[in-house]
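Residue-level listing of the chains:
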Amino acid sequence: MTSEELDIAFKNAVKSINNHQEPFPADVLLRLYAYYKRATNDAHQPSGRKPHISAFKTNALFQTRGLTPDEAKELYIEAVNQYFLYRK
């Protein structure tokens, strides 16, 4: 897949997640959050009013350290495809 094709596939995957109306399992959301942040080079320390949620986000980002943006895009796309394929 070319870089341009990867970017298009990534944007389509993000769009499908944003348009989805049903709630997502927390583990899926955290994985998508971390991949998205790595893919967009926005891996800043999470902050918010709920420290425990920030801690989970920080842990998810920590688990994706070392991924290149392209690798993170590929993993994001794969996670989205798996979610929509196997959800019930």
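Our subject is the structure listed above.
Everything in this summary refers to the structure shown in the same document. A quick note: this is a predicted structure, and the numbers were derived from the prediction, not measured.

On to the environment of H20. Summarising the element assignment, H20 is placed in the loop between α1 (3-19) and α2 (26-39). Spatially, the C-alpha atom of H20 lies 10.0 Å from that of F84, the residues being 64 residues apart in sequence. Apart from residues no more than four positions distant in its own chain, H20 is found in contact with Y83, F84 and R87.

The next subject is the packing of α2 against helix α3 (residues 51-63). The N-to-C vectors of α2 and α3 enclose an angle of 60 degrees; their axes lie 9 Å apart at closest approach. Comparing their axes, α3 and α2 come out oblique. Read as a crossing pair, α2 and α3 show a hand that is right-handed. Here α2 contributes L30, Y33, A34, K37 and R38 to the contact with α3, which in turn contributes F56, K57, A60, L61 and F62. Counted by class, the contact of α2 with α3 contains seven nonpolar, no polar and three charged residues.

Before going further, it helps to spend a moment on the packing of α1 against helix α4 (residues 69-86). Where α1 contacts α4, the axes come no closer than 9 Å and their chain directions differ by 45 degrees. Between α1 and α4, the angle falls in the class oblique. The handedness of the crossing between α1 and α4 is left-handed. In this structure, α1 uses L6, D7, A9, F10, A13, V14, S16 and I17 to contact α4, whose residues at the interface are D70, K73, E74, Y76, I77, V80 and F84. Split into classes, the residues belonging to the contact of α1 with α4 amount to ten nonpolar, one polar and four charged.

Basis of the calculations
- In this numbering scheme, every chain counts its residues from 1 along its sequence in written order.
- For this predicted model, a pLDDT threshold of at least 70 governs which residues receive local features, and a threshold of 80 or more governs which side-chain atom pairs are given and counted, while totals over whole chains, interfaces and linings are taken from all residues.
- Hydrogens and waters are ignored; side-chain quantities use all the structure's heavy atoms.
- For the purposes of this entry, the term helix denotes a DSSP run of H or I that reaches at least four residues, the term strand denotes a run of E that reaches at least two, and both are numbered from the N terminus.
- Here, residues are in contact when the closest pair of their heavy atoms is within 4.5 Å.
- A fitted line through C-alpha atoms serves as each axis, taken over the contacting stretch for helices, and the angle formed by two N-to-C directions is quoted from 0 to 180°.
- Oblique is the label for any angle not covered by the other classes, which are roughly parallel (under 35 degrees), roughly antiparallel (over 145) and roughly perpendicular (65 to 115).
- Left-handed describes a crossing whose near helix is turned anticlockwise from the far helix by less than a right angle; the clockwise case is right-handed.
- Each residue is assigned to one class: nonpolar for Ala, Val, Leu, Ile, Met, Phe, Trp, Tyr, Cys and Pro, charged for Asp, Glu, Lys and Arg, and polar for all the others, Gly among them.

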